[in-house]
Amino acid sequence: MEELAQQAGITVRTLRFYRERKLIPPPRREGRIAWYDEDHLARLRTIAALLERGHTLNGIAELAEAFDHGRDVGELLGLGAPTEETPVRLSPEELADVFAGQATSENLAASLDLGYLATDGTDIVHISRRLLDTSAALVREGIPLTDILAAARRVREHADALAELFTDLVLTEDRTPQDLQRLRPLAKSVVEAELSMALDRRLQKRP
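Reading the values: rules and limits
- Sequence order as written defines residue numbering, which begins from 1 separately in each chain.
- The predicted nature of this model means local features are confined to residues of pLDDT at least 70 and side-chain atom pairs, given and counted, to a pLDDT of 80 or more, with totals for whole chains, interfaces and linings taken over all residues.
- The side-chain numbers reported here are obtained from all heavy atoms of the structure, hydrogens and water having been left aside.
- Here, axes are lines fitted to C-alpha atoms. For helices the fit covers the stretch in contact, and angles between N-to-C directions go from 0 to 180 degrees.
- Put simply, DSSP H or I for four residues or longer makes a helix, DSSP E for two residues or longer makes a strand, and each gets a number counted from the N terminus.
- Under this scheme an angle from 65 to 115 degrees is roughly perpendicular, one under 35 degrees roughly parallel, and one over 145 degrees roughly antiparallel; angles in between are oblique.
- Less than a right angle of anticlockwise turn of the near helix away from the far helix marks a crossing as left-handed, whereas a clockwise turn marks it as right-handed.
- Throughout, a contact is declared for two residues whenever any of their heavy atoms are within 4.5 Å.
- Here the nonpolar group is Ala, Val, Leu, Ile, Met, Phe, Trp, Tyr, Cys and Pro; Asp, Glu, Lys and Arg are the charged ones; every other residue, Gly included, is treated as polar.
- To sort residues, take the accessible area from a 1.4 Å probe on protein chains only and compare it with the maximum for the residue type: under 20% means buried, over 50% means exposed, and anything in between is partly exposed.
- Think of it this way: DSSP has to see at least two bridges between two strands before they count as a pair.
- Paired rings are identified among Phe, Tyr and Trp, the last through its six-membered ring, by centres lying within 6.5 Å, and are further divided according to the angle between planes into stacked (under 30 degrees), edge-to-face (over 60) and tilted (the rest).

S.K.: Just give me the short version of the packing of helix α7 (residues 105-114) against helix α9 (residues 145-170), but keep the residues and values in it.
M.R.: Where α7 meets α9, the axes come as close as 10 Å, and the angle between the chain directions of the two elements is 20°. Considering the angle they form, α7 stands roughly parallel to α9. Along this stretch, α7 crosses α9, giving a crossing that reads as left-handed. On α9, the residues that touch Asn107, Ala110, Ser111, Asp113 and Leu114 of α7 are Leu145, Thr146, Leu149, Ala152, Arg153 and Arg156. Residue composition of the contact of α7 with α9, grouped by class: five nonpolar, three polar and three charged.

Following this line, the structure appears as C-alpha cells:
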C-alpha cells in the first residue's frame, strides 16, 4: 500500500479513504499480503485527473461503480463487432470531458445496456466513432445525455425493424447473405432519403 501511494503521489491515508469509498478495487490477497498492480495505479491516476477537472468524489465513485459492473470489451465484441463502425478507446477522464459532466452512473448504465460502452482494463471502448461524435455534438447543443440515450433506445427499435424488413426483402430463395451484405448500401440510402424527407415534412408543419 505504501509503494502504491508513493507512485500515485498520494498519502496512505488518502489511499485507505479511496478504498473505503470503493473508488479502487480491492487488492489481490495471498495470505496476509495484499498485492496492488498497474490497474490500481491507473485508477488512482484517473481519479487525480478527474479531480483536477472539477469532478467530485461522489461523481467519480458513481463512474467507478458503473464500469466495475459493466461488460468488458471481449463480451461486447463477442456480440458481433460492427462491420462499418470504428470503435473508440478513451480514458474515464476523456469520456467525462466528452459529455461535459453528464457521464453519470445512470447514463453510463444506460450506455452499457445499449452496448455502446465496454471496459478494457482501465480504458473504455465506445463501439462507434459516429455515435460518440453525434451524441457529444447533441450534448454541446444543450440536449441532456439522458434524453439522447432514451431516444437512442427508440431508434434501436426502429432500426431493428428496418433491418428485418430489408433482410426479408433481399433474402429470397435465390439470394444469399453475401447478397445482403453487397446490397446494404442501398438500404442505407433508402433510410437516409426517407428520414430527410420526413424531417422536411416535420419542418413544414412547424408554425
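S.K.: So what's going on with α7? Residues and values would help.
M.R.: An α-helical turn contains 3.6 residues, so any two residues separated by three or four positions project in the same direction. Among the residues of α7, those classed as buried are Ser105, Asn107, Leu108, Ser111, Leu112 and Leu114. Gly115 lies just past α7 and shows a positive phi near 85°.

S.K.: Which residues make up the sheet that holds strand β5 (residues 123-126), and what are the values?
M.R.: If you trace the three strands from one edge of the open sheet to the other, you get β3-β5-β4, paired in antiparallel fashion. Of all strands in the sheet, those bounded by a partner on one side alone are β3 (88-90) and β4 (117-120). Neighbour to neighbour, the strand axes of the sheet diverge by 30° on average, direction disregarded. Here three bridges tie β3 to β5, and the two strands are oriented antiparallel to one another. The residue of β5 that forms the bridge with Arg89 is Val125.

S.K.: Report on unusual backbone geometry, specifying residues and quantitative values.
M.R.: In this model, Lys22 sits at a positive phi of 60°, which is unusual for a non-glycine residue. Here Lys22 is to be found in the loop between α2 (12-20) and β1 (28-30). Classification of Lys22 as exposed rests on a relative accessible area of 65%.

S.K.: Requested: an account of the packing of aromatic side chains, with residues and values cited.
M.R.: Summed over all chains, the structure comprises one aromatic pair. Where Phe17 meets Tyr18, the ring centres are 6.3 Å apart and the plane angle is 50°; that geometry is what we call tilted. In this structure Tyr18 comes out as buried when scored by relative accessible area, which is 8%.

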